[in-house]
Amino acid sequence: MYQLAPNIELLFTEAGDYHDRVRAAAGAGFDAVEMWGPTGVDAPATPKDLPALKAALEETGTQLTAQLSEPRTQFMIPPWDHSEFFRKLDEGVAIAHDLGCPRLVVGSGTGFGGWKRQVQLDKLVEIYRKATAQIDGSGITLVLEPVNVRVDHPGSLLDRTSEAVYVARGVDSPSFGVLYDIYHSAVEGEDMAAELENAGSIVKYVQLADAPGRGEPGTGSLDWASTLGVLRASGYDGPIGLEYYPTTASEASVALIREVAATA
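Our subject in this report is the structure included herewith.

## Some details on the environment of Glu163
Relative to the assigned elements, Glu163 resides in helix 5 (residues 161-171). Glu163 sits in the buried class, given a relative accessible area of 17%. Setting aside chain neighbours within four positions, we find Glu163 in contact with Arg117, Leu121, Leu157 and Leu158.

So, in structure tokens, the structure goes:
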């Protein structure tokens, strides 16, 4: 049985603030949630109420499985100043520790037309080697997320799972891996079984949404019993983040994926 972690940016928003969403998710029977960054998305300049969030997690016994590393950095775009990323990385690790979160999600940013793609991938290896060295011993894992460029993230450098795997292998650290997002992979037309076979144990977190549309499972064309069967056959047995835009009430939207995940 897979542990499912609703994304509290998108799900259980009916409950109110983030800490109330944690309680609502727990009330619906979930023992894990995920979120984006420590900054609230509705008001980017206003941080989340982290003490209230921590209290809700502890009160309900809910695990925070992943959060974004901030700021989202344009690594390849001039003037190539990454100092804020490295400065905030320590802060992100401290917040993750406080909230009991074992993973920080990182990305590639936009690709730069002035460099060959391979040069940029190797630059990412260099950047993330430095990042993992900086947080060595923290117990936090950085997971690199490739995202689709066809619909949601035009211009992103990393849009292929295999290239994220290349970067992770180059970083070569137990504290670094790949976030495999079933939705992004499907939108890019990837063969899920082949990508996961190539990635192996480098996949250290998984998220999902249906495709097309990025709604809850059952709103698109993916066969979820087959999809989770492929995931299980790959050897992945960690949590799965539910990062979708619900088309109905949150608790109703999770019905299908909970049923499938219970036997996957």
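And the narrative resumes.
## Details of helix 4 (residues 117-134)
With 18 residues, helix 4 ought to run about 26 Å at 1.5 Å a step, and its terminal C-alpha atoms sit 26 Å apart, in line with that. Residues of helix 4 that are buried include every one of Gln120, Leu121, Leu124, Val125, Ile127, Tyr128, Ala131 and Thr132, and no others. Buried residues along helix 4 sit in contact with helix 3 (83-99), strand 5 (103-106), strand 6 (141-144), helix 5 and strand 7 (176-181).

## Here's the deal with helix 7 (residues 192-199)
A turn of α-helix holds 3.6 residues, and therefore any two residues three or four places apart point the same way. Among the residues of helix 7, Met192, Glu195, Leu196 and Ala199 are the ones counted as buried. The buried residues of helix 7 occupy an angular sector of 95° when the element is viewed end-on, so they sit on one face. Looking at the buried residues of helix 7, the elements they touch are helix 5, strand 7, helix 6 (182-187), strand 8 (203-208) and helix 8 (224-233). Measuring from the backbone nitrogen of Ala193 back to the side-chain oxygen at the start of helix 7 gives 3.1 Å, which picks out Asp191 as the cap.

## Here we look at the packing of helix 1 (residues 18-27) against helix 2 (residues 50-60)
Across the interface, helix 1 lies against helix 2 with an axial gap of 8 Å and an inter-helix angle of 15°. On the basis of the axis angle, helix 1 is roughly parallel to helix 2. Handedness of the crossing formed by helix 1 with helix 2: right-handed. Contacts between helix 1 and helix 2 involve Tyr18, His19, Val22, Arg23 and Ala26 from the former and Ala52, Leu53, Ala55, Ala56, Leu57, Glu59 and Thr60 from the latter. Looking at side-chain class alone, the contact of helix 1 with helix 2 contains eight nonpolar, two polar and two charged residues.

## Structural notes on the packing of helix 7 against helix 8
Close contact between helix 7 and helix 8 brings their axes to 9 Å; oriented N to C, the two are set at 20°. Classified by the interaxial angle, the pair formed by helix 7 and helix 8 is roughly parallel. The element helix 7 and its partner helix 8 pack so that their crossing is right-handed. Residue-level inspection shows Met192, Ala193 and Leu196 of helix 7 in contact with helix 8, the latter providing Thr227, Val230 and Leu231. Along the lines of polarity and charge, the residues of the contact of helix 7 with helix 8 split into five nonpolar, one polar and no charged.

Cut-offs used in this document
Residues numbered from 1 in each chain as written. Predicted model: local features only at pLDDT ≥ 70, side-chain atom pairs only at ≥ 80, totals over all residues. Heavy atoms only, no water. Helix = DSSP H or I, 4+ residues; strand = E, 2+ residues; numbered from the N terminus. Buried < 20%, exposed > 50% of the residue type's maximum accessible area, 1.4 Å probe, protein only. Contact = heavy atoms within 4.5 Å. Expected span 1.5 Å × (residues − 1). Arc of directions from axis to C-beta. Polar contact = N/O pair within 3.5 Å; in protein donor to acceptor, adjacent residues only side chain to side chain. Axes fitted to C-alpha atoms, helices over the stretch in contact; angles between N-to-C directions. Parallel < 35°, antiparallel > 145°, perpendicular 65-115°, else oblique. Left-handed = near helix turned anticlockwise from the far one by under 90°. Nonpolar A, V, L, I, M, F, W, Y, C, P; charged D, E, K, R; others polar.

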